[in-house]
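Summary of the model geometry
Each chain, written out:
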Amino acid sequence: APGDLVTYHDSRGIFLFPAPLCSGPNNCPLVSFADRRIMRPDDANIVGNIHGGTILKMIEEAGCIIGTRHCNTQSGDRCVAALARVERTDFLYPMFIGEVAHVSAEISYTSKHSVEVQVTVLSENILTGAKKVTNKATLWYVPFSLQNVDKITEVPPIEYSNPEQEELGKKRYEAQKLERMETKERNGEVIAAVSVPEPYTVGFSQSSLIHLIGPSDCTLHGFVHGGVTMKLMDEVAGIVAARHCKTNIVTASVDAINFHRKIKKGCVITVSGRMTFTSNKSMEIEVFVDADPLVEAEKGKYRAVTAFFTYISLDKENKSLPVPPLKVCLEGEEEQKRFEEGKARYLQSKAKRLAEKEQNQ
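Please read all numbers here as calculations on a predicted model, not as lab measurements.

Definitions and cut-offs
- Residues numbered from 1 in each chain as written.
- Predicted model: local features only at pLDDT ≥ 70, side-chain atom pairs only at ≥ 80, totals over all residues.
- Heavy atoms only, no water.
- Helix = DSSP H or I, 4+ residues; strand = E, 2+ residues; numbered from the N terminus.
- Contact = heavy atoms within 4.5 Å.
- Core = buried A, V, L, I, M, F, W, Y, C linked by side-chain atoms within 4.5 Å.
- Buried < 20%, exposed > 50% of the residue type's maximum accessible area, 1.4 Å probe, protein only.
- Salt bridge = Lys/Arg side-chain N within 4 Å of Asp/Glu carboxyl O.
- Phe/Tyr/Trp six-rings, centres within 6.5 Å; stacked < 30°, edge-to-face > 60°.

1. Here's the deal with the environment of Ile249
Mapped onto the elements of the fold, Ile249 is located in strand E10 (residues 248-254). Once the C-alpha coordinates of Ile249 and Ser313 are considered, the two residues, 64 residues apart in sequence, prove to be 4.6 Å apart. Not counting the four nearest positions on each side in its chain, Ile249 is found in contact with Gly238, Ala241, Ala242, Met283, Tyr311, Ile312 and Ser313.

Encoded structure:
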């Protein structure tokens, strides 16, 4: 009943909120929802401003919850509300670490197959009690059946306080529908073909990842944890290996990882990986990390970490599979040089393993 406490569970824990006061026909379905949580360092940039993406994610979560709840109040297929459109969203005031974000959502219009949700975000300074509206957003959701993902289910109607409210909602619905159709026609559905390198070449599988070093990545001294860097390096190397083999791949070994220079909080790092050598059953991938200080831009970009990762390919029974040979560009002297150097490391490592095996027998 309105005024009662509602228990809400998610990955962050258990929360209690007042029951929504708004309702649709016959006091059902409920058409409002509220959530709140404190902002933490993981949610913010290096100076404490909450990332816009963090707020947008909370807005969409609230819209999805209320939209899905509303559409499942009728009998028939169970469904989930999928985001179809977000209207312009302005960030009116910044939010900071330690403040509480209050997210409230309300269904403002329903058509036969869509739901309009209005979401408001407030920031609360828990020391002073001051609150500010930071965001207002309008989102449109379409309910898809869980039994048939291609089926759009019908949306239960809501009650409006007056005919004008319903008429305004209908105008917004028609306007967004028209704009979506125009955008679809303008952009087209066919993406122009982009020339890609030949399969099994260095260029075909090479990959990179860009990451902003935030507070949660760093030690108390403001430098990135080595483990954070190594995890990102392994992710990139794994992508390179998977692109080359198109199979299940696992890390077999990592050569010495050289940390040439420290990476400070606030740097943007680019983790890049490229295939250097393949044997019959292994792949060597060179990974390097370049750091670009945002705040101290005058220092320029620099190479911070380098390493070689070795991967193997596995079948469904976790047995080793042959690796497609790397096609080295005959015109590329650097590629050929890296391949020969990788081959030398492979033979050296193989000889070392055989020597250790004989010694242990």
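2. Description of the nonpolar core
Counting 33 residues, the largest nonpolar core has Met233, Ile263, Ile269, Val271, Met283, Ile285 and Tyr311 as its most contacted members. Among the elements of the structure, helix H4 (226-245), strand E12 (267-278), strand E13 (283-293) and strand E14 (302-314) are those that each provide at least two residues to this core. Counting residues per element, this core draws most heavily on H4, at 7 residues. Aside from chain neighbours lying at most four places away, what touches Tyr311 is Asp234, Ala237, Gly238, Ala241, Ile249, Val250, Thr251, Ala252, Lys281, Ser282, Met283 and Ile285.

3. Notes on the pattern of salt bridges
Summed over all chains, the structure comprises 13 salt bridges. In this structure, Arg37 and Asp43 form a salt bridge, with 3.3 Å as the shortest nitrogen-oxygen distance. Its relative accessible area of 18% is what places Arg37 among the buried residues. On the accessibility criterion, Asp43 (10% relative accessible area) is buried. The shortest N-O distance in the salt bridge between Glu179 and Arg85 comes to 3.2 Å. Taken as a pair, Glu179 in helix H2 (residues 163-187) and Arg85 in strand E4 (residues 79-86) lie far apart in primary sequence, 94 residues in all. Owing to a relative accessible area of 40%, Glu179 belongs among the partly exposed residues under this scheme.

4. Details of the packing of aromatic side chains
Geometrically, a pair of aromatic rings is defined through the distance of the ring centres and the angle of the planes. For the structure on display, the rule yields 5 aromatic pairs. Ring geometry for Tyr109 versus Tyr160: centroids 6.1 Å apart, planes at 35°, classification tilted. Here Tyr109 is found in strand E6 (residues 100-110), whereas its partner Tyr160 is found in the loop between strand E8 (131-145) and H2, with 51 residues between them in sequence. Each member of the pair, Tyr109 as well as Tyr160, carries the same accessibility label: buried. When the centroid spacing of 6.0 Å and the interplanar angle of 35° are considered together, the rings of Tyr109 and Tyr173 count as tilted. In this pair, Tyr109 sits in strand E6 while Tyr173 sits in helix H2, placing the two residues 64 residues apart along the sequence.

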